[in-house]
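Commentary on secondary and tertiary structure
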Amino acid sequence: MATTIFSEMSALAVEYDAINLGQGFPDTPGPQEVVDAAVAAMRRGLNQYPPAVGVPALREAICAHQRRFYGLELDPASQVVVCAGASEALSSALMALVAPGDEVIALEPFYDLYAATGALIGATLVPVRIAAPDYRLDAGALRAAVTERTKVILLNTPHNPTGAVLSRAELEDVAAVAVEHDLLVITDEVYEHLLFDDERHIPIATLPGMAERTVTVSSAGKTFSVTGWKIGWATGPAELVERVLNVKQWFSFASGTPLQHAVAVGLDLPDDRFAALGRDLQAKRDLLTDGLRELGMEVYHSKATYFVTADIAPLGETDSLAFCRSLPARVGVAAVPNQVFHASPEGVETQVRFACCKRDEVLADALLRLRKL
Ligand code: PMP
Ligand code: GLN
């Protein structure tokens with residue numbers, strides 16, 4: 001297996017003391033209540049193995065969250081499983097639901113874990129590209145990607161790395177294809193609360209006919225700025241969640257007891273605290289987008305997530321991978337080349353992802369450094 005781009009670029013950032021706009025992690029603390037709850041849980045002695053399925057308080061909080069924000073009704077006893085991050089939830093779900101030789105349709109560009117896990121299983125990831133500048137999902141292309149071997153459509157909305165947010169119409173197209181071909185859907189919604197402007201996140205599980213065939217994955221990492229905690233979850237119909245748990249128990253078994261209790265507190269925060277997340281990040285998206293444009297890059301509109309994608313061709317650059325490998329040494333900034341999120345780099349050779357989830361002064365410093373280009 002290749003080394004993940006996040007390890008490669010973060011190592012270069014450390015080596016050259018660069019500002020890390022590569023791997024997406026914030027540099028400000030999350031909600032004080034959540035951190036305090038973790039400390040309190042440790043002090044209360046909640047430090048031993050949790051049940052493999054997750055502590056009851058967190059499973060109940062996840063279900064209450066899905067009801068509050070999306071009107072989804074879930075049974076905390078049978079329809080949710082807590083995992084070591086969205087990562088374990090995704091790899092467990094894929095391993096549980098996909099067999100060697102099966103095909104998984106995924107939006108391209110795709111988060112690198114999808115293709116790697118597909119390779120571990122011996123399944124094939126079939127890309128359906130969403131392309132700059134507007135990243136629309138073409139229903140015809142989706143339909144054309146289905147074969148007899150297709151088992152799962154793997155969605156990601158809000159979408160990493162593009163910042164796209166699937167519209168209701170696009171989700172309806174996905175749902176129609178899934179129902180028509182009797183496919184399962186795994187949907188990665190880790191950026192569900194990090195939306196800009198008037199964007200709305202619609203879980204595909206809320207569409208008619210979809211709850212019974214969808215495994216929804218999310219995580220506390222982005223929402224509460226605790227990416228190192230690795231508390232994630234999968235929800236869905238009891239028979240699918242049981243299969244995810246069945247695999248997951250042989251990976252980590254369980255993890256993070258006090259952190260699970262703290263995330264339960266976080267998921268219970270009032271609405272305005274969730275609404276503030278996107279608002280705060282939106283100003284950073286603007287700062288970074290405007291700054292990169294001033295430097296001459298073409299920057300595509302990001303509707304959500306930690307990320308913006310820029311095209312470096314106007315700077316005379318021809319290869320984003322070489323560019324990102326040299327950037328920390330050249331100017332003291334790290335970024336990620338979008339081509340690693342593609343099955344084939346054709347057409348995206350000069351696209352680079354920059355993370356905007358940093359303090360304003362850090363973004364300003366990074367932009368100043370990038371002026372040296
Ligand atoms: N899916 C996407 C789209 C991501 O960007 C990430 C990483 N941050 C993950 C899954 C993994 O989430 P976690 O850190 O909770 O494992
Ligand atoms: N999801 C994060 C990103 O896209 C990285 C996670 C990781 O390091 N594996 O930047």
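Residues numbered from 1 in each chain as written. Chains lettered and ligands numbered in written order. Predicted model: local features only at pLDDT ≥ 70, side-chain atom pairs only at ≥ 80, totals over all residues. Heavy atoms only, no water.

Focus: the pattern of salt bridges
Pairs may arise between side chains of opposite charge once their charged atoms sit close together. In total, this model carries 18 salt bridges according to the counting rule given. Glutamate 294 is the salt-bridge partner of arginine 371, the closest N and O atoms lying 3.4 Å from each other. One end of the pair, arginine 371, is in the segment after helix H13 (360-370); the other, glutamate 294, is in helix H11 (residues 271-294), and 77 residues separate them in sequence. Per residue, the accessibility class of arginine 371 equals that of glutamate 294, and both read exposed. A salt bridge links arginine 369 to aspartate 365; the shortest N-O distance between them is 3.4 Å. Note that arginine 369 and aspartate 365 are positioned in helix H13 at a spacing of 4 residues, about one turn of the helix. On the accessibility criterion, aspartate 365 (31% relative accessible area) is partly exposed. Each of Asp27, Arg359 and Glu361 takes part in one network of salt bridges that share partners. (Salt bridge = Lys/Arg side-chain N within 4 Å of Asp/Glu carboxyl O. Helix = DSSP H or I, 4+ residues; strand = E, 2+ residues; numbered from the N terminus. Buried < 20%, exposed > 50% of the residue type's maximum accessible area, 1.4 Å probe, protein only.)

Here's the deal with the side chain of glutamate 88
Examined against the element boundaries, glutamate 88 turns out to sit in helix H4 (residues 85-97). Sequence-distant contacts of glutamate 88, that is, excluding residues within four places in its chain, are made with Cys83, Lys248, Phe251 and Ser252. (Contact = heavy atoms within 4.5 Å.)

Regarding helix H2 (residues 32-43)
Because each turn of an α-helix spans 3.6 residues, side chains separated by three or four positions in sequence point in the same direction. The terminal C-alpha atoms of H2, which comprises 12 residues, lie 16 Å apart, in line with the 16 Å expected from a rise of 1.5 Å per residue. All of the buried residues along H2 are Val34, Ala37, Ala38 and Ala41. Down the axis of H2, the sector holding all buried residues measures 100°, keeping them to one side. With respect to the buried face of H2, the exposed residues turned more than 90 degrees away are Gln32 and Arg43. On the buried face of H2, the contacting elements are helix H10 (257-267). (Expected span 1.5 Å × (residues − 1). Arc of directions from axis to C-beta.)

What to know about unusual backbone geometry
Residues threonine 157 and proline 158 are joined by a peptide bond in cis, for which omega reads -15°. Examined against the element boundaries, proline 158 turns out to sit in the loop between strand S5 (150-156) and helix H7 (168-180). Put simply, asparagine 160 and proline 161 share a cis peptide bond, and its omega is 15°. Among the secondary structure elements, proline 161 is positioned in the loop between S5 and H7. Positioned with a positive phi, aspartate 197 is a non-glycine residue whose angle comes to about 55°. Within the secondary structure, aspartate 197 sits in the loop between strand S6 (184-188) and strand S7 (214-219). In this structure aspartate 197 comes out as partly exposed when scored by relative accessible area, which is 39%.

What to know about the sheet that holds strand S10 (residues 307-311)
The strand order S9-S10-S13-S12 describes an open sheet built from 4 strands, whose pairing is antiparallel. Since the sheet does not close on itself, it has two edges, and those belong to strand S9 (298-299) and strand S12 (336-337), each with one partner. Both S10 and strand S13 (residues 351-355) contribute to a ladder of 5 bridges, which runs antiparallel. Across the sheet, residue phenylalanine 307 finds its bridge partner in S13, namely alanine 355. (Pairing = 2+ DSSP bridges.)

Some details on the environment of aspartate 36
Here aspartate 36 lies in helix H2. Note on aspartate 36: relative accessible area 41%, which makes it partly exposed. Linking aspartate 36 and glutamine 66, residues 30 residues apart in sequence, is a C-alpha distance of 24 Å.

A look at the sheet that holds strand S2 (residues 80-84)
Overall, mixed pairing links the 7 strands, which are arranged S2-S8-S7-S6-S5-S3-S4 in an open sheet. Edge positions in the sheet fall to S2 and strand S4 (124-129), since each of these pairs with one other strand and no more. Across the sheet, the mean angle separating the axes of adjacent strands is 25° when strand polarity is ignored. Bridging between S2 and strand S8 (residues 231-235) involves 5 bridges; their strand directions are antiparallel. Paired with valine 81 across the strands is alanine 234, a residue of S8. Where H7 meets the sheet, its contacts fall on S5 and S6, and the angle it forms with S5 comes to roughly 165°. (Axes fitted to C-alpha atoms, helices over the stretch in contact; angles between N-to-C directions.)

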